[in-house]
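Results of the structural survey
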Amino acid sequence: EKGGHDFFMLKEIAEQPQALADTLLGHFENGRVVLDEQRISDQDLRDVDKVFVVACGTAYHAGLIAKYAIEHWTRLPVEVELASEFRYRDPVLDRSTLVVAISQSGETADTLEAVRHAKEQKARVLAICNTNGAQIPRESDAVLYTHAGPEIGVASTKCFLAQIVATYLVGLALAQARGTKYSDEVAREYLALEQMTDAVAQVLETVEPVRALARDLSSTDTVLFLGRHVGYPVALEGALKLKELAYIHAEGFAAGELKHGPIALIEDGVPVIVVMPSPVGRAVLHSKMVSNIREIQARGATTIVIAEDGDIAAAALADHLIVIPRVPTLLQPLVSTVPLQAFAAAVAQARGYDVDKPRNLAKSVTVE
Ligand code: M6R
């Protein structure tokens, strides 16, 4: 049942190309994005003037990534918030607010209560969920299911990638409704999403050296992660995977924040995983990250750099280089996350832990 893998999580990492393909399937027909359930009118969708994304854990990281794409495509302001914070403050919501709730299980207590709060305030709620008929989609006005298949490992992997794709489809649906993108542009973006299936499959072919590196570093007691732009939430996700699976202190930072505090943590031999922006798609950020790498190396960090194929500067600087395929910038998280998942799993395995059932964690958090 684990398909030849030692753990469900490893099987689920390997299933990611399929999870993406299945999530896209049926959600784009005749040039239009199609939701699974839509109890909001097209007019209401057109009238949306603000978007909140609410979620917990890994799903929250998918939301952070979604912000870049949805704002870019729709020109709508997008705020991303932990469901447990959102529900206990007094967010400004009305009938032209769209609240996107992301939840693999569809049963997470905080996300469900955030949905209920949003509905009480007359906001429209769209759920992104992997579980058919779960409570969150049942209480929402619209639903887009991620068809990633059952995820058994407590650490979310394939659902994370599927959630990113689903939020992008929501972004394209909004852009279409609002007319901020022509249909041929939407079709082009959709095609780029489809091509990610192959790109993710390609990354999976190259994770063995990442696992070997993870085994070499498995006795470390801290790992830091740096990212910029869409690479920042990827850094947060890499750190979450490592702490929940390997019980190692791990923290993700926006690289621009280094000098505002985190650089004080760098000392001799501290492993720092850097998610490199594209030298082509994000040249300005790329050169800033080159400087960041130099700064931390000067203070003794061991750098593990995830960089696009052809990134000569990163290759020259990195103590350890992990190459990912060159893809459009907004889609980079779909490839850059994969080595981080493999890294965390391999560190945990080297330490002898059960990566499917990390200590103290439940697959679905139905109590607050
Ligand atoms: O079922 P949900 O997507 O609502 O779950 C949200 C989080 O509990 C979940 O992503 C959690 O953070 C995972 N352990 C991450 O690997």
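Residues numbered from 1 in each chain as written. Predicted model: local features only at pLDDT ≥ 70, side-chain atom pairs only at ≥ 80, totals over all residues. Heavy atoms only, no water.

Details of the overall build of the chain
Across its full length, the chain holds 14 helices and 13 strands. In terms of overall dimensions, the chain is globule-like: its C-alpha atoms have a radius of gyration of 20 Å, near the 21 Å expected for 368 residues. C-alpha atoms of the chain, sized along the principal axes, occupy 55 × 40 × 40 Å. Buried residues in the chain amount to 60% of all 368 residues. Distance between charge centres in the chain, computed from 35 positive and 48 negative side chains, equals 3 Å. (Helix = DSSP H or I, 4+ residues; strand = E, 2+ residues; numbered from the N terminus. Rg over C-alpha atoms; globule rule 2.2 N^0.38 Å. Buried < 20%, exposed > 50% of the residue type's maximum accessible area, 1.4 Å probe, protein only. Lys, Arg positive; Asp, Glu negative; His and termini not counted. Charge placed at Lys NZ, Arg CZ, Asp CG, Glu CD.)

A word on the site of the ligand
Taken together, 13 residues sit near the ligand, with S103, Q104, S105, T108 and E244 positioned nearest. Within the side chain of E244, a nitrogen or oxygen atom sits 2.4 Å from an oxygen atom of the ligand. Within the complex, 91% of the 420 Å² of free accessible area of the ligand lies under protein. One can see that the ligand is located within the largest pocket. Going through the elements one at a time, α4 (57–74) and α11 (231–246) are the ones with two or more residues in the shell around the ligand. In terms of residue count, the dominant contributor to the shell around the ligand is α4 (three residues). Its residues placed into classes, the shell around the ligand shows four nonpolar, seven polar and two charged. (Near = heavy atom within 4 Å. Polar contact = N/O pair within 3.5 Å; in protein donor to acceptor, adjacent residues only side chain to side chain. Areas by Shrake-Rupley, 256 points an atom, 1.4 Å probe, with all protein chains shown as cover. 1 Å grid on protein atoms, 1.4 Å probe; cavity = no way out; pocket = protein on both sides within 12 Å on 5 of 7 lines; lining within 4 Å. Sits in = over half its atoms within 2 Å of the grid points. Nonpolar A, V, L, I, M, F, W, Y, C, P; charged D, E, K, R; others polar.)

A few points about helix α10 (residues 208–216)
Owing to its 3.6 residues per turn, the α-helix brings residues three or four apart onto one side. V210, R211, L213 and A214 are the residues of α10 that are buried. An end-on view of α10 places all buried positions within 160 degrees of arc, on one side of the element. Turned more than 90 degrees away from the buried face of α10 sit P209 and D216, all of them exposed. Each element contacted by the buried residues of α10 is listed here: α1 (8–14), β12 (302–308), β13 (320–324) and α14 (332–350). (Arc of directions from axis to C-beta. Contact = heavy atoms within 4.5 Å.)

Notes on the sheet that holds β12
Pairing is parallel across the open sheet formed by five strands, whose spatial order is β10-β9-β11-β12-β13. Strands with a single pairing partner mark the edges of an open sheet, and in this sheet they are β10 (249–254) and β13. Going across the sheet, the axis of each strand differs from the next one's by a mean of 20 degrees, ignoring polarity. Alignment of β12 against β13, held across five bridges, turns out to be parallel. Opposite V305, over in β13, you have L321 as the bridge partner. (Pairing = 2+ DSSP bridges. Axes fitted to C-alpha atoms, helices over the stretch in contact; angles between N-to-C directions.)

What about the packing of helix α8 (residues 158–178) against α14?
For the pair α8 and α14, interaxial distance at closest approach is 10 Å and the crossing angle is 170 degrees. Judged by the inter-axis angle, α8 sits roughly antiparallel to α14. In the packing of α8 onto α14, the handedness of the crossing is right-handed. Of the residues in α14, those touching α8 at F160, L161, I164 and V165 are P333, L334, T337, V338 and Q341. When the residues that make up the contact of α8 with α14 are grouped by side-chain class, the tally is seven nonpolar, two polar and no charged. (Parallel < 35°, antiparallel > 145°, perpendicular 65-115°, else oblique. Left-handed = near helix turned anticlockwise from the far one by under 90°.)

Everything listed here is a matter of geometry and, on its own, says nothing about what the molecule does.
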